[in-house]
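# Chains, contacts and geometry: an overview
These are the residues of each chain, in order.
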Amino acid sequence: NKATHATGTGKGVLGDNKSFNTLSSSGTYYLQDSTRNLKTYTARNSANENLLPGTLLSDSDNYWTDGAAVDAHTYAAEVYDYYKTKFNRNSFDGNGAAIKSTVHFGRNFNNAYWNGAQMIYGDGDGSTFVPLSGALDVVGHEITHAVIERSANLVYENQSGALNESFADVLGNLIEDRDNGWLLGEDIYTPSVSGDALRSMSNPESQGDPAHMDDYKNLPNTREGDWGGVHTNSGIPNKAFVNFVETSGITRDNAGKVWYRALTSYMTSRSDFDDARNATIQAATDLFGSSSTEVTAVTNAWAAVGVG
Ligand SMILES: CCCCC[C@H](S)C(=O)N[C@@H](Cc1ccccc1)C(=O)N[C@@H](C)C(=O)O
Ligand SMILES: [Ca+2]
Ligand SMILES: [Zn+2]
């Protein structure tokens with residue numbers, strides 16, 4: 001008999017109830033959303049990348065208790081919907097590519113990443129992180145890396161790498177859409193400490209990251225140097241985006257349209273901060289006109305962080 005759509009229910013990492021699309025086949029339910037082409041797997045704590053994507057998650061009664069899996073699946077659906085409705089982009093490749101997510105990768109793995117083919121989420125060690133798919137800005141960050149790879153394909157090192165990280169943070173936060181929506185990872189970072197975050201876009205210095213070119217960190221392009229500081233120098237373009245939103249009166253969605261157009265129409269693999277400045281000015285010009293307040297605001301936003 002053929003597989004049929006079903007609606008699963010369950011609790012996320014933080015104990016919140018949610019429902020999501022599953023597939024029912026021969027009396028078993030699978031964590032597969034065929035309307036959005038999403039599939040969610042478990043690595044069962046193996047760290048062997050050769051075994052990815054691992055095992056497609058299944059359940060007997062369509063009530064799901066694996067919070068990391070529930071969130072990876074439901075948040076991937078939210079990210080899919082954001083790209084489709086806001087930018088008319090069908091999945092990360094624009095052509096409906098399958099979005100595959102694997103949870104429980106490794107043991108106490110304090111990270112999540114896109115490996116060129118799928119999303120991979122660690123469970124965290126329980127003190128630095130709880131399972132990382134438990135935050136929508138994380139899932140948005142990782143799927144945006146796939147979008148970046150299929151568009152500008154920014155090289156993951158130095159300034160192009162910091163832009164790669166920054167665009168992932170910007171879109172991750174736009175999708176999460178919070179009031180003080182400038183924090184990264186706040187939902188899954190340091191469960192014993194409230195109010196902190198892994199990064200802050202509005203106040204990068206609060207986490208030791210630069211918010212101005214004067215403080216750009218020239219780190220070695222090695223894993224130990226965070227590939228030239230891609231997670232720290234991202235503070236500069238992150239701050240530029242916050243400046244743009246907060247000084248122009250533009251909506252977050254329209255600011256996102258400027259950043260998305262810059263990324264997909266003008267930026268290339270070796271774009272640096274100055275190229276990103278030019279690309280976002282051009283995108284704002286395309287969308288709002290050369291004498292628009294948006295063009296003035298984006299120009300000033302970059303100037304305020306020492307770019308241009
Ligand atoms: C394994 C190799 C490194 C890949 C880094 C991935 S893309 C990444 O940037 N992951 C995010 C996860 C994240 C996103 C948003 C909010 C919280 C956490 C990240 O920032 N990782 C940090 C811990 C890092 O790698 O330094
Ligand atoms: Ca956030
Ligand atoms: Zn990243």
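Located above this text is the structure these notes cover.
Residue numbers run consecutively from 1 along every chain, following the written order of its sequence. Key to labels: chains lettered from A, ligands numbered from 1, both in the order written. Since the coordinates come from a predicted model, pLDDT governs what is reported: local features require at least 70, and pairs of side-chain atoms require 80 or more to be given and counted, while whole-chain, interface and lining totals use all residues. Heavy atoms throughout the structure, all of them, feed into the side-chain values; hydrogens and water do not.

## Quick look at the side chain of Asp226
Helix numbering and strand numbering both begin at the N terminus, where a helix is a DSSP run of H or I of at least 4 residues and a strand a DSSP run of E of at least 2. Tracing the chain through its elements places Asp226 in helix 4 (residues 226–229). A 1.4 Å probe rolled over the protein chains alone gives each residue an accessible area, and that area as a share of the maximum for its type sets the label: buried under 20%, exposed over 50%, partly exposed in between. In this tally, Asp and Glu contribute negative charge and Lys and Arg positive charge; neither His nor the terminal groups of the chain are included. Within this document, salt bridges are pairs made up of a side-chain nitrogen of Lys or Arg and a carboxyl oxygen of Asp or Glu, the two lying within 4 Å of each other. It turns out Asp226 is buried and unbridged, and the closest side chain with the opposite charge, Arg199, is 7.4 Å from it. Not counting residues within four places of it along the chain, the set of residues in contact with Asp226 comprises His231 and Thr232. Between two residues, a contact is recorded if the distance between any of their heavy atoms is within 4.5 Å.

## Quick look at the site of ligand 1
Taken together, 15 residues are adjacent to ligand 1, and Asn111, Ala112, Glu165, Arg199 and His231 come closest. Any N or O atom pair separated by 3.5 Å or less is treated as a polar contact, with the protein-specific requirement of one donor-capable and one acceptor-capable atom, and with residues adjacent in sequence counted only for side-chain atom pairs. In this structure, a nitrogen atom belonging to ligand 1 sits 3.0 Å away from a main-chain N or O atom of Ala112. One nitrogen or oxygen atom from the side chain of His141 is found 3.2 Å from an oxygen atom belonging to ligand 1. Each accessible area is a Shrake-Rupley estimate made with a 1.4 Å probe; only the visible protein chains count as cover when residues are assessed. Compared with its free state, where it exposes 600 Å², ligand 1 has 86% of that area covered by protein. Only protein atoms enter the 1 Å grid used here, on which a cavity is any set of points holding a 1.4 Å probe that cannot leave and a pocket is any open set flanked by protein within 12 Å on both sides along at least five of seven lines; residues with an atom within 4 Å of a point are listed as lining. Cavity and pocket membership follows a simple rule, namely that a molecule belongs there if more than half of its atoms are within 2 Å of the grid points. If you map ligand 1 onto the pockets, it falls in the largest pocket. The nearness test applies per residue and asks whether one of its heavy atoms lies within 4 Å of the molecule or strand.

## Some thoughts on the coordination of the calcium ion (ligand 2)
The donor set covers N, O and S atoms within 2.8 Å of the metal, switching to 3.2 Å for Na, K and Ca, and it leaves out water, so a site may look short of donors. Every protein donor of the calcium ion (ligand 2) is accounted for by Asp137 (OD), Asn173 (OD1), Glu176 (OE), Leu183 (O), Glu186 (OE) and Glu186 (OE), and the metal-donor separations fall at 2.2 to 2.7 Å. Labels for metal geometry use angle windows, namely 85 to 135 degrees for all angles of a four-donor tetrahedral site, and for square planar (four donors) or octahedral (six donors) sites opposite donors over 155 degrees apart plus all others within 65 to 115; sites meeting none of these are irregular. Seen from the calcium ion (ligand 2), its six donor atoms lie at angles of 50 to 163°, and the figure they make is irregular. Spacing between the donor residues of the calcium ion (ligand 2) along their common chain follows D-x35-N-x2-E-x6-L-x2-E. The pair formed by Glu176 and Leu183 is uniform in burial state, with each residue classed as buried.

## Focus on the pairing of strand 9 (residues 99–103)
Strand 9 sits mainly inside the fold: four of its five residues count as buried. In this structure, strand 5 (residues 38–42) lies alongside strand 9, joined through five bridges in parallel fashion. Note that in strand 9 the partner of Thr40 across the bridge is Ser101. Strands pair, by our definition, only if DSSP identifies at least two bridges between them.

## Examining the packing of aromatic side chains
Note on aromatic contacts: the rings of Phe and Tyr and the six-membered ring of Trp form a pair at centre separations within 6.5 Å, being stacked when their planes are under 30 degrees apart, edge-to-face when over 60 apart, and tilted otherwise. Summed over all chains, the structure comprises 18 aromatic pairs. On the basis of an interplanar angle of 0° and a centroid distance of 4.0 Å, the ring pair of Phe87 and Tyr260 is categorised as stacked. Placement of Phe87 in helix 1 (residues 67–87) and of Tyr260 in helix 6 (residues 252–266) is noted, with a sequence separation of 173 residues between them. Residues Phe87 and Tyr260 agree in their burial class; the two are buried. Counting every residue linked through ring pairs, the aromatic cluster contains Phe167, Trp182, Phe241, Phe244, Trp259 and Trp302.

## Concerning the coordination of the zinc ion (ligand 3)
Around the zinc ion (ligand 3), the protein supplies His141 (NE2), His145 (NE2) and Glu165 (OE) as donor atoms, at distances of 1.9 to 2.1 Å. Taken in chain order, the donor set of the zinc ion (ligand 3) reads H-x3-H-x19-E. Placement of the pair is His145 in helix 2 (residues 136–149) and Glu165 in helix 3 (residues 158–176), with a sequence separation of 20 residues. In this structure, His145 and Glu165 share a single accessibility class: buried.

## Focus on the sheet that holds strand 2 (residues 17–25)
Here five strands make up an open sheet; going across it, the order is 7-3-2-1-8 and the pairing mixed. The open sheet has two edge strands, strand 7 (58–59) and strand 8 (63–64), and neither has a second partner. Taken together, the eight bridges between strand 1 (residues 4–11) and strand 2 define a ladder with antiparallel strand orientation. Opposite Ala6, over in strand 2, you have Thr22 as the bridge partner. The strands touched by helix 1 within the sheet are strand 1, strand 2 and strand 8, with strand 2 carrying the most contacts at an inclination of about 85°. To define axes, lines are fitted to C-alpha atoms, for helices over the stretch in contact only, and angles between the resulting N-to-C directions are given on a 0 to 180 degree scale.

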